[in-house]
Amino acid sequence: MNTRLERALDAVTAERADAALLTVRGLTVRFRLRGGRTVAAVTDADFDLAPGECLALVGESGCGKSVLASALLGLLPGNAETGGTALLDGTDLLAADEKTLARTVRGRRVGLVPQSPAAHLTPVRTVRAHLEETVRALTGTPRTARRKAAEDAADRAAFPATHLDRHPHELSGGLAQRAATALALIGDAPLLLADEPTTGLDRDLVERTADELRRHADDGRGLLLITHDLTAAARIADRVAVMYAGRIVEIAPAHRFFGPTGPAHPYARGLLDALPERAFTPIPGMPPELSALPEGCAFAPRCPRATDQCATVPELRAGVACHHPERPRA
Ligand SMILES: Nc1ncnc2c1ncn2[C@@H]1O[C@H](COP(=O)(O)OP(=O)(O)OP(=O)(O)O)[C@@H](O)[C@H]1O
């Protein structure tokens, strides 16, 4: 990609960020464990999401992606302590009380495709009953039109009409995932959090689901796509945020991240190099325990570029939190 085109795309990205739908600043989540230990699940996350934008949140298992999404919906367990702000259209999601979240936020202003869909479906109700009830609760569609609305919702998420009368335990993981996506799309919430929405799907369904989520964003909604699937992220994301050990370590336009320029953070480069279609070289070592984080940059023990300077935590500057960011690959 030539630099003029890159600059033009960067300008579009910057313009979008000016009109943020969601503004997250200093989002921090700590879990208090018995015996006084603390899990630093999310630390100082800052990002914006504009209407019509898809931000992909990527990173290895356990780095805090789902906890961040749960914090935005007020769905954290009792041992969690949350700090920072997350403004959605004037409401601070982190400060809102349970009544506000239940009545006006969840499903209506913030939709969720949960990571474990089976756990979010009621075992004794069919998929059709789930869909019709959600249509009733979120859209006020009259009874006579609910059946059709439920079938349309299923179709949007590629859930087969032939399986609508099945119960959750009769669904494969991929079908449960599609049912959860159908439910999440019903309220047409301005912000959609999709936590691993393509897990358990074959590649063609991954693409179909990702494209449907992208269309949802194209209609002017914000989409936070939490995923391990960098191929799905490359397909639909406008920007990519990379988390490592609870912190966002890089946030970059997707065309730069996945294009010839590549990411600047050594961890983000490692994630891409681990892909089978790239170098297929895993990052050595393991992420640290979030209850025993090292001093300084948490990636330093695995980083080929680490120096003594990395004994202090690098701030996120110009989209990257690293003392020794990689130079762009021309
Ligand atoms: N209730 C809890 N009490 C203590 N620690 C928790 C709790 N819930 C989550 N954690 C910890 O928070 C960290 C972040 O978990 P999270 O589920 O957000 O990771 P993730 O990046 O979404 O991983 P995955 O992709 O595997 O879902 C993990 O170390 C997890 O063990």
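Higher on the page you've got the structure.
Below is a short write-up of the structure. These numbers come from a predicted model, not from an experiment.

From N to C terminus, the protein includes eleven helices and ten strands. With the C-alpha coordinates aligned to their principal axes, the bounding extent of the protein is approximately 65 × 55 × 40 Å. For the protein, the accessible area works out to roughly 15500 Å², and carbon and sulfur atoms hold 52% of it. If the 40 positive side-chain charges of the protein are averaged to one point and the 41 negative ones to another, these points end up 2 Å apart.

On to the pattern of salt bridges. Summed over the entire model, instances satisfying the criterion amount to 21 salt bridges. For Glu60, the salt bridge goes to Arg302, with nearest N and O atoms at 3.1 Å. In this pair, Glu60 is assigned in the loop between strand E3 (54–58) and helix H2 (65–72) and Arg302 in the segment after helix H11 (266–273), connecting sequence segments 242 residues apart. Relative accessible area serves as the criterion here: at 21%, Glu60 is assigned to the partly exposed category. Residues Arg221 and Asp188 are paired through a salt bridge, measuring 3.6 Å at the closest nitrogen-oxygen approach. On the criterion of sequence distance, the pair formed by Arg221 in the loop between helix H8 (203–218) and strand E8 (222–227) and Asp188 in the loop between helix H7 (173–186) and strand E7 (191–195) is long-range, its members being 33 residues apart. Each of Arg156, Asp188, Glu212, Arg215, Asp219 and Arg221 takes part in a single network of salt bridges with overlapping partners.

Bringing the state of the cysteines into the picture now. On inspection of all chains with the given rule, the structure shows zero disulfides. Take Cys297: it sits in no disulfide, and the sulfur closest to it among the cysteines is that of Cys310, at 5.9 Å.

About the thresholds
- Residues numbered from 1 in each chain as written.
- Predicted model: local features only at pLDDT ≥ 70, side-chain atom pairs only at ≥ 80, totals over all residues.
- Heavy atoms only, no water.
- Helix = DSSP H or I, 4+ residues; strand = E, 2+ residues; numbered from the N terminus.
- Areas by Shrake-Rupley, 256 points an atom, 1.4 Å probe, with all protein chains shown as cover.
- Lys, Arg positive; Asp, Glu negative; His and termini not counted.
- Charge placed at Lys NZ, Arg CZ, Asp CG, Glu CD.
- Salt bridge = Lys/Arg side-chain N within 4 Å of Asp/Glu carboxyl O.
- Buried < 20%, exposed > 50% of the residue type's maximum accessible area, 1.4 Å probe, protein only.
- Disulfide = S-S within 2.5 Å.

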